[in-house]
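# Structure assessment
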There are 2 protein chains.
Amino acid sequence: MKPKLKIIPLGGAGEIGKNMTLIEYEDAIIVIDAGLMFPESDMLGVDIVIPDISYLLERRDQVRAIIITHGHEDHIGALPHVLPRLNVPVYSTPLTCGLIEVKLKSHKLLKDATLRTFQMGETLNLDPFTVETFHVSHSIPDGVGLAVTTPVGTVVHSGDFKFDPSPVDGQLTDFSKLAEVGGRGVLALLSDSTNSDSLGHTPSETTISESFSRVFAMAEGRIIIATFASNISRIQQVIDTAVRFNRKVTIVGRSMQDNVRMSLELGYLRAPDDVLIRIDHMHHYPSNEIVILCTGGQGEPTSALVRMANHDHKQVTLVEGDTVILSATAIPGNEEMINRTLNNLFRAGAFVYYDQLMAVHVSGHASQEEQKLMINLVRPKYFVPIHGEYRHLVLHARLAQSIGIPRHNIFIVENGAIVEFDELGNARLAHETAPASDVLVDGIGVGDVGTTVLRDRHHLSQDGFLVALVTLDSHTGEIVFGPEIITHGFVYAEASEDLIAGTKEAIIGTLKKGGRGTALSAKLKDVLSQYLYQQTRRRPMVIPVVTEV
Amino acid sequence: MKPKLKIIPLGGAGEIGKNMTLIEYEDAIIVIDAGLMFPESDMLGVDIVIPDISYLLERRDQVRAIIITHGHEDHIGALPHVLPRLNVPVYSTPLTCGLIEVKLKSHKLLKDATLRTFQMGETLNLDPFTVETFHVSHSIPDGVGLAVTTPVGTVVHSGDFKFDPSPVDGQLTDFSKLAEVGGRGVLALLSDSTNSDSLGHTPSETTISESFSRVFAMAEGRIIIATFASNISRIQQVIDTAVRFNRKVTIVGRSMQDNVRMSLELGYLRAPDDVLIRIDHMHHYPSNEIVILCTGGQGEPTSALVRMANHDHKQVTLVEGDTVILSATAIPGNEEMINRTLNNLFRAGAFVYYDQLMAVHVSGHASQEEQKLMINLVRPKYFVPIHGEYRHLVLHARLAQSIGIPRHNIFIVENGAIVEFDELGNARLAHETAPASDVLVDGIGVGDVGTTVLRDRHHLSQDGFLVALVTLDSHTGEIVFGPEIITHGFVYAEASEDLIAGTKEAIIGTLKKGGRGTALSAKLKDVLSQYLYQQTRRRPMVIPVVTEV
C-alpha cells in the first residue's frame, strides 16, 4: 500500500483555542501550533485545557518539528505541557520565538527547549516536507501561514489571518505568495474559521487609532488602557497615540512588561526615547500626561485592571476624572466578569470606553469576504475549515461551496478526525480517529480531572454535600457515636437546626429497621436524600458513613 | 416635620432585572413592579433572585398596591414570592394581568391574589397618589409608564420603553401624554437605562419581519423559531409571516402555549383560523408548510430548542434541511450555553440564523436618542436613571446632563437608596437606606442561601472536598478505626492511591505527635491541606473528623 498523506486536527477544529494540526506522511509528522484553551464554565476548577498528544507520543520518533504560526496563547500556550513529554525542535519567527521564550522561562523550561527561528518568507526543509512560510496579518506581528509541499501535494495552512489593508506594522498578508502557491496547484487549504459568522470585511487594526485619538483628545486625567498582553499591534498604537498627545506610557503587569521589553529589543515595537516610563516615576508627571497600559480586558480577577477597579491595586488608585479604555472583546463566558469590571470602573468615577460605545477594538480574524479571498487566491482542490466552533466550520464550508468548491471536496471535521489523501490526491475521511479529547490541567495534575471529578464538582457547586456519621458497636449494633452531620454548601447550618435534627432522626429511624454494611449505607443514602429533598427541594451529595468498632 | 416624598428602588437600580421601585408619602406606599433576576454565575445553585421586601413588610399596612408596568419576568417574576407575604392588590393592563394569572396559577397562588386590571390611559386613584397610565412600546404589548401625582409633585416612571415608530400592535409610545404631563411640570423622571450604551435609535420591532421573510423565502424544510415565551410581538410576527408564506404554526412548550392561548383570548394576538395547529397534527403537512415556535433562545438546558438540538425532544427531531432562527439576544452569562446550542443545531444539519448573521432580533429598550427624547418630552426637574447596571445608570445620567439636566439634579442611586423630596420639591439623598440585598431563592428556601453557603459551594466547585475520619479509643488514644478518606471533586480517587496513602500517613504522623479535641482537628486540617497542596497544587475543603469511643 502506498503511503498516504494525513491531516489531523488535534485541537481547534470544532472549538476556539488549543489549536494544533498534524501533517503526516509515511514516517514523518509535523505539528502546527500547540495552543491552550481557557476552560468552559462547566469545567469547574480547571486552569487550562490543552490538546491530547497521545497520538504524537505513540509516534514520538516521527515528529520532525512543531511549527508555531504566531505568538498568541491559543497557539503557543500548550508548549510548557507538550515539550517536557515531546522535546522536538520548535520553529517560529523571531517575535513568536521571543514570546515562547518568555513563556518557557516562566515555567523554567527554557534551557531544555530547542527553539529555532526563521524569517517569514523563509522555507523550512523538514524532509519529506518543504514548508514555505508567508506573512499573514493578524492582531500580532510576525504571524505566518504555511504552504507545506508533500509527496502527494501542497497543503496550505492559513494560520490566524485577516487581509488588513493598513496593518500597524505595514506588513500585508502575502497576496503574491498565496497567488503563486495557488498557481502551482494546492491539494488542500486549511483556513481560519473564527469569524465565519461575520459578514463583510474585518476593519483594519489601524482604525483603532482614530478612536484612541478621539478619547485622548477628550481625556483630562490619566488614560488607562487594557488589552491582551500579547497584542503588540495594539500596544504600538497606544504608544504612537501617546506620543502624538504628549503623554508618557507606563506598563503595569509582569506579562505585558516582559512582552514589551522583548518586542522592543527585537524591533517589533517602536517607542521614542523617554516615552516609556517606570510606574514609580509616574508621579513626576501631571495626570494628563500619563497613559497606563495593562491587562484585564477579560475581567480576569487577578489582572491589573480588575484590581484597579476594585481599589485593590498597590500602585494605581482610580480617581474621578480617569479615563479607561477596554480595548478587547469578550471571550465567550467572560461577559459577566467584564460587565462587573465595567460597573466597578464607573463606580470609581472613571470615564469608560468599551466596544458598545466606541470602536476601541477590532478582531484579528478574517470576516467572510476575506475568507473568500483566501480561498480564491489559493484555489485548493480540497477545503478543510479549522480554528472555530462547529458552527463556524459549517458556515465557512458553506462559504467555500458558494464560491465553487464542490461540497464533496470539503471536510467539516472535528478534533481527532484523520483526512487521508492517496498518491493520486484523492481524499477521504479515515475510519479511525486520533485521540483528541480535551486534556484538563488543574494544578499539577494534567488529565486526571475527568468526567467523574467534574460531575462531582458540579453537583457540589449546586447543592453542596452532607456527610452523616454514625458509629455502631460491632457486637450489639447499638450506636456508640453520632449520628453526627457535616454539611457544607447545602444550607446555612446554624439556621437549620430543625433540618439537622430531622436528619438525625431519619438516621436513627433507619438504623432501627436493622441492616448492616453496604446495604445499610445505601438505605441511609436513599432515606436521607429523599428527606432532604422534601424539606428543601435541594439535592446535596449525601454520604452516609457507618463504622463499627 | 412635614412629610416627605420618597422614591426607593428596591431592585433594578444598578442591575438588570428584579425591578421594583417604591413611591412613599406619609403613610402610603405604592410599589411599581415585582420582578425576578436570573442568578449570576457566582450564585451557584441558586434558582432565581428576587428583591428584598423587608422594608415593605415592616410597613405592610401602608402598601396600597403593586402596579405592574408590563408582563416580562423581570417585572412580574417575584410576585409568587411577594404576594404570600404581602397580599396587596396588583394592578395591571389586561395582557399583563393574563401573564400574571398564568404565573400565579402555576404556583397555585391565583385564588388568593387580588388582581385588578386597568386599560392603558386609565387613571388609578390610590390616595394620596393619582396614577395616570400611558402606553409605552416595548417588546411586549400593553406596557405602560406611570405619571404619579403626589402632594409634592409628579413623578414619571417610564416603565421599559422604546419609541418604536412602527410597533407590531400599531400602538406608539404615548408622545402626547408625555408632553402633556411634561407641560404640567414634572418633579422627577425615573427612566429605563438598559440600553444607555447603545448609540442612536433602537430599530423597530417590525424590522424583524423583513428578516423573517428572507429566511422563509429561502427555507425548503421546516422552520423552527426560538424566542422568549412572553415575546408576544415577536410571536405575532412569526404568525403573520407564516400566513404570508402559507405555513402552519405549532407552539411547543407549556409556557409559550399558555401565553399564546391567553393572548389570543384577550385579543393581543391575532391569528387566522387554522394557522395554529397542534403538534400532533404536524405530520399532516409537508415540512415546507410548518413553523415550530418554541423557547430556548438563551440555551436553557430544559428548553424545547436545546432538547431538539441535543436529539432529546420527544416530538421534534431535527433533520438536515430544517431551518432554525434564534430570535433572541444573550442575557450576559448565557453566551456559552447559546453557543453550545448553536453548534449542536449546526451538527444536526440545520441552517441556523442568529443575530451575527441576520437581524433576527431587536431590543425592546430605548437607545440613547430615544432616552433623550423621553427626557425632553417630560422635562423633569430631577432625573433618576433606573433599570440598568451601574454603568448604564452613569451613562444615562451623563446623557441627561448633556441635554440640560443639571448635574446636582441627577441621582445615580443603587437599590435601597432613598431619594427624598421636601414640600418645596427639593431633593436629597437620605442618609438611611432600605434593606435591598439580593434575596436568593434555592428550592423552597428563600433567603437562606447567603455568603457562607455560596463561598462553600464555590470552594467545592473548584477543588472538591476531603473528609478524613479517624476514631480513637478515648482511654488509650489508640486508633480503633481509620484513618478513612472520603473525597469527591478533588482527584479521581481510583487513580490516586498514592495520594490517599500519603494522606493517611500524614494523619497517623500527626496523631503520633499527640493532642486531642479541636486543637488536634485544627492541626490535622493544616497538615493535610499543606500536604495536598504540595502534591497537587489544589486546595480541597479539608474536614478532619476525629471521634473518640
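Residues numbered from 1 in each chain as written. Chains lettered and ligands numbered in written order. Predicted model: local features only at pLDDT ≥ 70, side-chain atom pairs only at ≥ 80, totals over all residues. Heavy atoms only, no water.

### A short note on the overall build of chain A
This is how the line gets drawn: Labels follow the DSSP assignment, with helices taken as runs of H or I lasting at least four residues and strands as runs of E lasting at least two, numbered in each case from the N terminus. Remark: exposure states derive from per-residue accessible area (1.4 Å probe, protein chains only) relative to the maximum for the residue type, with buried under 20%, exposed over 50%, and partly exposed in between. What makes two residues a contact is simply this: any of their non-hydrogen atoms within 4.5 Å. Per-residue and other accessible areas were derived by the Shrake-Rupley procedure at a 1.4 Å probe size, with only the shown protein chains allowed to occlude residues. When charges are counted, Lys and Arg contribute as positive and Asp and Glu as negative, whereas His and the chain ends are disregarded. By convention, the charge on Lys lies at NZ, on Arg at CZ, on Asp at CG and on Glu at CD.
Helices and strands together make up the secondary structure of chain A, namely 15 helices and 27 strands. Taken along the three principal axes of its C-alpha coordinates, chain A extends 90 × 75 × 45 Å. Burial status across chain A gives 60% buried among its 549 residues. In chain A, the proportion of contacts linking residues at least 24 apart, taken out of those at least 6 apart, comes to 71%. Put simply, chain A shows about 21300 Å² of open surface, and 49% of that area lies on carbon and sulfur atoms. Within chain A, one finds 48 positive and 65 negative side-chain charges whose respective centroids are separated by 2 Å.

### What to know about the domain arrangement of chain A
Interfaces are often sized by the accessible area lost when the parts come together. Note the following rule: These domain boundaries are the output of an automatic or database domain assignment.
The domain architecture assigned to chain A consists of domain 1 (5-200 + 363-446), domain 2 (206-353) and domain 3 (464-548). When each unit is reduced to the centre of its C-alpha atoms, the spacing between domain 1 of chain A and domain 3 of chain A is 54 Å.

### Things to note about the interface of chain B and chain A
For clarity, the threshold we go by: Each of two parts loses accessible area, computed with a 1.4 Å probe, when they are put together; buried area is these two losses added. Salt bridge, as used here: a side-chain nitrogen of Lys or Arg that lies within 4 Å of a carboxyl oxygen of Asp or Glu. Two N or O atoms count as a polar contact when they lie within 3.5 Å, although within protein this holds only if one can serve as hydrogen donor and the other as acceptor, and sequence-adjacent residues are included solely when both atoms are side-chain atoms. Residue polarity follows a fixed list, in which Ala, Val, Leu, Ile, Met, Phe, Trp, Tyr, Cys and Pro are nonpolar, Asp, Glu, Lys and Arg are charged, and the others, Gly among them, are polar.
Across the contact, 69 residues belong to chain B and 69 residues belong to chain A. Across the chain B to chain A interface the summed buried area is about 5900 Å²; carbon plus sulfur atoms make up 55%. Sorting the residues of chain B by area buried against chain A places Glu336(B), Arg391(B) and Arg538(B) first, and these three jointly supply 10% of that buried surface. Our count for the chain B to chain A interface comes out at 8 salt bridges. The interface formed by chain B and chain A holds 36 residue pairs in polar contact (both at pLDDT 80 or more) in total. If you list the elements that add at least two residues to the side of chain B that touches chain A, you get α10 (335-347), α12 (390-402), α13 (451-463), β25 (465-472), β26 (479-488), α15 (517-536) and β27 (541-548) of chain B. Taken together, the residues of the side of chain B that touches chain A break down into 29 nonpolar, 22 polar and 18 charged.

### Things to note about the pairing of β25(B)
Residues and elements named next belong to chain B. Filter applied, for reference: At least two DSSP bridges between two strands are required for those strands to pair.
Most of β25 is tucked away, with 8 of its 8 residues classed as buried. Two elements, β25 and β26, share 7 bridges in a ladder whose sense is antiparallel. Of the residues in β26, the one forming a bridge with alanine 468 is isoleucine 485. The hairpin formed by β25 and β26 contains 6 residues between the paired strands, and glycine 477 there has a positive phi angle of roughly 75°. Bridge count between β25 and β27: 8 bridges; the pairing is parallel. Along β27, the bridge assignment pairs leucine 469 with valine 545.

### Structural notes on helix α5 (residues 175-184) of chain B
All names here are of chain B. The criterion, for reference: Taken from the helix axis, the directions to the C-beta atoms give the arc we talk about.
Where α5 is concerned, the buried positions are Lys177, Leu178, Val181 and Gly182. Mapping the buried residues of α5 onto a view down its axis gives an arc of 135°, with all of them on the same face. Exposed residues on α5 whose side chains face more than 90 degrees from its buried face are Ser176 and Gly183. Elements that come into contact with the buried residues of α5 comprise β10 (129-135), β11 (144-150), β12 (153-157), β13 (186-192) and α11 (368-378). Where α5 ends, the next residue or the one after it, glycine 185, has phi of about 105°, a positive value.

### What to know about unusual backbone geometry
For the bond from Asp127(A) to Pro128(A), the omega torsion is 10°, close enough to zero to count as cis. Tracing the backbone through its elements, the reader meets Pro128(A) in the loop between β9 (123-126) and β10 (129-135). Look at the link from Gly482(A) to Pro483(A): it is a cis peptide, with omega at -5°. Phi is positive for Glu26(A), which is not a glycine, with a value near 55°. One non-glycine residue, Asp274(B), lies in positive phi territory at about 75°. Here Asp274(B) shows up in the loop between α8 (254-266) and β16 (290-294). By relative accessible area, which is 59% here, Asp274(B) ends up exposed.

### Regarding the relation of the copies chain B and chain A
The condition is simple: Least squares is used to superpose the copies, and the fit set is the C-alpha atoms of residues whose pLDDT is at least 70 in both copies.
Of the transformation placing chain B onto chain A, the axial shift is 0.0 Å and the rotation is 180°, giving an RMSD of 0.0 Å. Those values place the two copies in the arrangement expected of a two-fold rotation axis. For chain B, the smallest separation between a C-alpha atom and the rotation axis is recorded for Ser461(B), amounting to 2.4 Å. A shared binding surface is used by both copies, with 100% of the interface residues of chain B retained as interface residues in chain A.

### Topic: the packing of aromatic side chains
In plain terms, the rule: Under the pairing criterion, centres of Phe, Tyr and Trp rings, with the six-membered ring standing for Trp, must be within 6.5 Å; the plane angle then separates stacked pairs below 30 degrees from edge-to-face pairs above 60, leaving the rest tilted.
Taken as a whole and assessed by the stated rule, the structure comprises 11 aromatic pairs over all chains. Relative to Phe163(A), the ring of Phe161(A) lies with its centre 5.6 Å away and its plane at 75°, an arrangement referred to as edge-to-face. On the basis of relative accessibility, which here comes to 8%, the residue Phe163(A) falls in the buried class. A ring pair is formed by Phe465(A) and Phe465(B), whose centres lie 4.0 Å apart and whose planes are at 20°; its orientation type is stacked. Of this pair, Phe465(A) sits in strand β25 (residues 465-472) while Phe465(B) sits in strand β25, each in a different chain. The class for Phe465(A) is buried, based on a relative accessible area of 0%. Put simply, the rings of Phe161(A), Phe163(A) and Phe175(A) touch in pairs and so form one group of aromatic residues.

### Details of the packing of helix α13 (residues 451-463) of chain A against α13(B)
What counts is decided by this rule: All axes are obtained by fitting lines to C-alpha atoms, using only the stretch in contact for helices, and the reported angles, taken between N-to-C directions, cover 0 to 180 degrees. Each angle is binned into one of four classes, with values under 35 degrees roughly parallel, values over 145 roughly antiparallel, values of 65 to 115 roughly perpendicular, and all other values oblique.
Viewed as axis vectors pointing N to C, α13(A) and α13(B) meet at an angle of 180°, and their least axial separation amounts to 8 Å. Comparing their axes, α13(B) and α13(A) come out roughly antiparallel. Residues Arg457(A), Leu460(A), Ser461(A), Gln462(A) and Asp463(A) of α13(A) lie in contact with α13(B), whose contacting residues are Arg457(B), Leu460(B), Ser461(B), Gln462(B) and Asp463(B). Its residues assigned to classes, the contact of α13(A) with α13(B) comprises 2 nonpolar, 4 polar and 4 charged.

### Considering the sheet that holds strand β5 (residues 48-50) of chain B
All names here are of chain B. With respect to topology, 3 strands assemble into an open sheet ordered β5-β23-β24, the strand pairing being antiparallel. The open sheet is flanked by β5 and β24 (445-446), the only strands paired with a single partner. Summarising the sheet, strand β23 (residues 439-442) and β24 pair through 2 bridges and their orientation is antiparallel. Paired with valine 441 across the two strands is valine 446, which belongs to β24.

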